[in-house]
Amino acid sequence: DAEEDLAKAQPFLDEAERAVGSIKPNDLNELKKLGKPSDIIKLIFDCVSLLKMAPLVKTESAEVTLGVGKDKKTFMFLKDSYKIVQGGILTDTRFLQSIIQFSKVEKDFINNETVELMAPYLALDGFSPSTARNASRAAEGLCTWCKAMVDYNEASKMVKPKLEALRLAEARLQDAERDLFKAEMRLKSCQDVLGALQQDFDRQLATKRSIEENAKSTRKRMEQATSLISGLAGERTRWNNDREEFANIKSQLIGDIALACAFVAYCGPFNQVFREYLIHSKLSADLRERKIPLSHNLDLTDFLADIGTIGDWNLAGLPTDPLSIQNGILVTRSSRFPLLIDPQGQALNWICNFEENRMPHFGVSSFSNNRFREQMEFCLAEGKAMIVAGVEQELDPLLTPILEKQIVTKGKSKYITVGGKVCDYSDEFMLYLVTRLPNPHFSPEEQSKCTIVDFTVTQKGLEEQLLGRVIQKEQRSLEESLKNVLEEVNGNTKSLLKLDQMLLERLSENSGNLLDDEELITVLADTKLKATDVKEKLIAAAEMRKNINEKREQYRPVATRGSVLYFTIVDMSQVNCMYQTSLDQFQVLFDKSMEVSEKANLAMKRVNNIIEAMTYISYRYINKGLYEHDKTSFKLIMTFKILT
């Protein structure tokens with residue numbers, strides 16, 4: 001509202017400024033030189049004196065003439081104070097500047113009394129700028145200025161209270177701002193103190209946290225140390241024994257490796273008896289004569305294969321007798337490709353199961369296969385296991401570069417020439433040659449190119465197989481339980497070996513403080529827990545296996561009689577080469593004897609019934625194919641073998 005009212009008074013200020021601006025210093029000089037100025041000039045200066053509150057003469061009546069031309073009038077009015085003006089205001093060299101300063105600053109100090117005193121002058125008919133113009137240009141400007149000051153005063157009467165209130169409010173605002181500034185200064189001082197205290201608090205809190213973390217870390221290290229000591233305490237005795245044993249093994253390792261290499265290189269073609277003779281009577285004696293350290297009664301089976309690997313072989317169909325285990329070692333550990341003598345087909349069955357994941361889509365091949373070369377090239381390039389069955393007395397010349405491993409390396413790739421064609425070669429490739437001939441005659445050159453392994457079944461091995469067969473027929477659940485136990489024992493044994501290896505690797509690879517290796521502590525705790533669990537399972541499995549074997553042993557006489565009968569039939573081939581009977585053929589007779597024999601609740605009675613039926617069925621079946629003069633020999637051989 002004050003701004004709106006002030007805007008209404010602004011035109012009067014503008015008019016006053018224009019009027020003052022129209023007055024020139026020369027105009028004032030002319031005015032000063034007038035000897036007898038007109039009455040209008042005198043009255044105008046009286047108004048100027050009133051506005052500037054300059055001294056005036058005592059109030060008296062006097063004649064005054066105003067107007068222009070015919071309009072001039074003479075009348076009684078107040079006596080002028082021009083003489084005082086001439087000696088006062090007009091002598092001031094800064095008169096014009098004082099008028100301008102008054103318009104800018106002092107205009108708001110015009111009071112009502114001044115306006116009332118000026119009212120008679122302004123009410124005169126001849127008191128106007130036009131009349132003053134005829135007297136002087138300076139008089140015109142001053143007259144306009146005086147009127148504008150009075151008009152501004154009238155217009156600003158509504159503004160002044162508001163402006164006064166504004167000034168009071170501004171004064172109070174200034175006081176409040178000063179108080180606010182002081183309060184802010186006090187607040188800043190308090191905040192500075194608070195900030196210093198907060199920084200000190202943060203430092204103390206950080207120190208506290210550091211101490212707590214250090215204490216926590218110390219407790220954790222103590223717990224880890226306790227766990228480490230507890231975890232290693234149970235292994236100390238075993239590891240000390242292992243260290244002594246390993247030191248002994250290390251000292252005799254040269255002779256053991258030499259004996260193992262000789263076994264793999266030379267013992268494959270022979271039976272178990274001759275292998276034992278070579279190992280213990282010839283090779284070991286020769287090493288001792290040469291004063292080469294050698295373990296006493298070294299078990300090559302344990303030296304060349306761990307129990308977990310052997311368990312995998314057995315699950316794949318390899319018989320569990322010592323000769324078959326040795327054959328598995330010869331096949332998998334030899335650097336040359338194996339040639340398997342497999343009259344009964346057991347090796348072929350095991351190899352097919354063992355290499356099931358790496359066999360090509362076409363399965364087992366033979367030299368008579370029209371696509372044999374393409375199949376061989378495919379297996380060479382893809383790293384498959386090539387199984388060639390039905391090998392006779394000679395090997396296909398196509399295999400010569402493969403058996404001799406005439407491999408050419410170019411960059412990161414390997415190649416081999418087969419039948420004049422360069423083929424890709426993968427290190428994963430494996431070749432198995434299988435012959436069904438019981439006593440094949442290969443040339444020395446061919447024998448030197450591959451590892452010959454005799455898989456001919458032994459009486460003890462066949463006995464174990466037939467025992468599993470009769471249990472599978474008579475006590476299926478018992479055989480399945482044994483199979484599950486063997487699988488569990490094999491898995492747990494491999495887990496225990498893996499855990500030991502993992503723990504030893506972590507201990508050997510650690511280069512810093514053991515207590516800082518949290519993963520090692522975790523592995524140790526897991527290893528100890530799992531090792532304890534595995535050992536308990538192994539003990540339980542051993543007990544369960546013992547119980548199962550006790551029940552299985554009730555049926556062993558059946559397997560023993562079956563093995564005796566089979567080898568009696570095999571021995572007849574020495575009487576006449578026409579008397580050939582395969583193991584598959586005999587197994588049919590074996591199964592038939594269990595089907596036709598009389599049932600019985602007692603296991604012993606049932607075993608006797610099966611033995612009688614099997615002996616009679618086998619005798620009648622084989623007797624039909626013998627010449628009359630050989631039947632007596634067959635009876636005699638069978639009787640002697642049964643009695644022994």
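Definitions and limits used
- Residues numbered from 1 in each chain as written.
- Predicted model: local features only at pLDDT ≥ 70, side-chain atom pairs only at ≥ 80, totals over all residues.
- Heavy atoms only, no water.
- Helix = DSSP H or I, 4+ residues; strand = E, 2+ residues; numbered from the N terminus.
- Buried < 20%, exposed > 50% of the residue type's maximum accessible area, 1.4 Å probe, protein only.
- Contact = heavy atoms within 4.5 Å.
- Areas by Shrake-Rupley, 256 points an atom, 1.4 Å probe, with all protein chains shown as cover.
- Axes fitted to C-alpha atoms, helices over the stretch in contact; angles between N-to-C directions.
- Parallel < 35°, antiparallel > 145°, perpendicular 65-115°, else oblique.
- Left-handed = near helix turned anticlockwise from the far one by under 90°.
- Nonpolar A, V, L, I, M, F, W, Y, C, P; charged D, E, K, R; others polar.
- Pairing = 2+ DSSP bridges.
- Core = buried A, V, L, I, M, F, W, Y, C linked by side-chain atoms within 4.5 Å.
- Phe/Tyr/Trp six-rings, centres within 6.5 Å; stacked < 30°, edge-to-face > 60°.
- Lys NZ or Arg CZ within 6 Å of the ring centre and 35° of its normal.
- Salt bridge = Lys/Arg side-chain N within 4 Å of Asp/Glu carboxyl O.

1. Description of the overall build of the protein
(1) Moving on: A count of helical and extended segments in the protein gives 25 helices and nine strands.
(2) Moving on: A buried classification covers 39% of the 644 residues belonging to the protein.
(3) Moving on: Of the contacts formed within the protein by residues at least 6 apart in sequence, a portion of 74% connects residues at least 24 apart.
(4) Moving on: Carbon and sulfur atoms provide 53% of the accessible area of the protein, an area that totals close to 37400 Å².

2. Things to note about the packing of helix α19 (residues 459-474) against helix α23 (residues 583-596)
(1) Moving on: Two elements in contact, α19 and α23, have axes separated by 11 Å at closest approach and are oriented at 40°. Taken as axis vectors, α19 and α23 run oblique relative to one another. For the crossing formed where α19 meets α23, the hand is right-handed. The residues of α23 that touch α19, namely those facing Leu-462, Leu-466, Arg-469, Val-470, Lys-473 and Glu-474, are Leu-583, Phe-586, Gln-587, Phe-590, Asp-591, Met-594 and Glu-595.
(2) Moving on: In terms of residue class, the contact of α19 with α23 is made up of seven nonpolar, one polar and five charged.

3. Some words on the sheet that holds strand β7 (residues 421-424)
(1) Moving on: Spatial ordering of the open sheet is given by β5-β6-β7, a layout of three strands whose pairing is antiparallel. One side of each edge strand has no neighbouring strand; the edge strands of this open sheet are β5 (407-410) and β7. Between one strand and the next, the sheet's axes are offset by a mean angle of 35°, whatever the strand orientation.
(2) Moving on: Seen against the sheet, helix α16 (residues 372-382) touches β6 (413-418) and β7 and runs at an angle of roughly 40° to β7.

4. Quick notes on the side chain of Thr-451
(1) Moving on: Within the element layout of this structure, Thr-451 appears in strand β9 (residues 451-454).
(2) Moving on: Judged by relative accessible area, Thr-451 falls into the buried class, the value being 2%.
(3) Moving on: The residues touching Thr-451, leaving out its near neighbours within four places in the chain, are Val-264, Leu-330, Ser-334, Arg-336, Phe-337, Pro-338 and Leu-339.

5. Examining the nonpolar core
(1) Moving on: In this structure, Met-376, Ile-402, Phe-429, Leu-431 and Leu-433 are the most contacted members of the largest nonpolar core, which totals 60 residues.
(2) Moving on: Tallying contributions element by element places strand β8 (residues 430-435) first for this core, with five residues.
(3) Moving on: Counting 33 residues, the second largest nonpolar core, distinct from the first, contains Ile-89, Val-115, Met-118 and Cys-146.

6. Section: the packing of aromatic side chains
(1) Moving on: Considering all chains together, one arrives at 14 aromatic pairs under this definition.
(2) Moving on: Note on Phe-337 and Phe-429: the rings are 5.7 Å apart at their centroids and 80° apart in plane angle, and the pair reads as edge-to-face. With Phe-337 in the loop between α14 (322-333) and β3 (338-341) and Phe-429 in the loop between β7 and β8, this residue pair connects regions lying 92 residues apart in the sequence.
(3) Moving on: Residue classification places Phe-429 among the buried positions, given a relative accessible area of 3%.
(4) Moving on: When the ring of Tyr-425 is compared with that of Phe-429, the centres are 6.1 Å apart and the planes differ by 65°; the resulting orientation is edge-to-face. For the pair shown, Tyr-425 and Phe-429 are each scored as buried.
(5) Moving on: Members of the aromatic cluster, joined through ring pairs, are Trp-313, Trp-350, Phe-354 and Phe-455.
(6) Moving on: Looking at Lys-405, its charged tip hangs above the ring of Phe-337, at a distance of 4.8 Å from the centre.
(7) Moving on: Here the guanidinium or amino end of Lys-410 rests over the ring plane of Tyr-415, the centre of that ring lying 6.0 Å away.

7. Some points on the pairing of β8
(1) Moving on: Among the six residues that make up β8, six are buried, leaving the element largely enclosed by the rest of the structure.
(2) Moving on: A two-sided burial pattern is seen for β8, the buried positions comprising Met-430, Tyr-432 and Val-434 on one face and Leu-431, Leu-433 and Thr-435 on the other.
(3) Moving on: As paired elements, β3 and β8 share three bridges and run parallel to each other. Among the inter-strand pairings, Ile-341 is bridged to a residue of β8, identified as Thr-435.
(4) Moving on: As defined by bridge partners, strand β4 (residues 385-388) adjoins β8 across four bridges and the pair is classed as parallel. What sits directly across from Val-388, in β8, is Leu-433.

8. Quick notes on the environment of Tyr-627
(1) Moving on: By the element assignment, Tyr-627 lies in the loop between α24 (603-623) and α25 (628-643).
(2) Moving on: Expressed as a C-alpha distance, the spacing of Tyr-627 and Tyr-579, which sit 48 residues apart in the sequence, is 9.8 Å.
(3) Moving on: With sequence-adjacent residues up to four places away left out, Tyr-627 is seen in contact with Asn-576, Met-578 and Tyr-579.

9. Quick notes on the pattern of salt bridges
(1) Moving on: Under the defined criterion, the tally for this structure stands at 19 salt bridges.
(2) Moving on: One salt bridge in this structure joins Glu-355 and Arg-358, with 3.0 Å as the shortest N-O distance.
(3) Moving on: With a relative accessible area of 6%, Glu-355 lands in the buried category.
(4) Moving on: According to the relative accessible area criterion, Arg-358 is partly exposed, its value standing at 24%.
(5) Moving on: Across the salt bridge formed by Glu-377 and Arg-373, the nearest N and O atoms sit 3.3 Å from each other. Here Arg-373 and Glu-377 lie together in helix α16, a separation of four residues that amounts to about one turn.
(6) Moving on: Look at Arg-373 and you get partly exposed, because its relative accessible area is 33%.

10. Digging into the packing of α14 against helix α15 (residues 346-354)
(1) Moving on: Contact pair α14 / α15: the axes reach a minimum separation of 12 Å and the direction vectors enclose 55°. As summarised for this structure, α14 and α15 are arranged oblique, according to the angle between their axes. In this structure, the crossing between α14 and α15 has a hand that is right-handed. Facing Gly-328, Val-331 and Thr-332 of α14, the residues of α15 in contact are Trp-350, Ile-351 and Phe-354.
(2) Moving on: Looking at the contact of α14 with α15 residue by residue, the class counts come to four nonpolar, two polar and no charged.

11. A short note on the sheet that holds β3
Backbone hydrogen bonds hold the strands of a sheet together, and the pairing may be parallel or antiparallel.
(1) Moving on: Judged by pairing direction, the sheet is parallel, and its four strands sit side by side in the order β4-β8-β3-β9 without closing on themselves. This sheet does not close on itself; its edge strands, each paired only once, are β4 and β9. The average angle at which neighbouring strand axes cross in this sheet is 20°, direction not considered.

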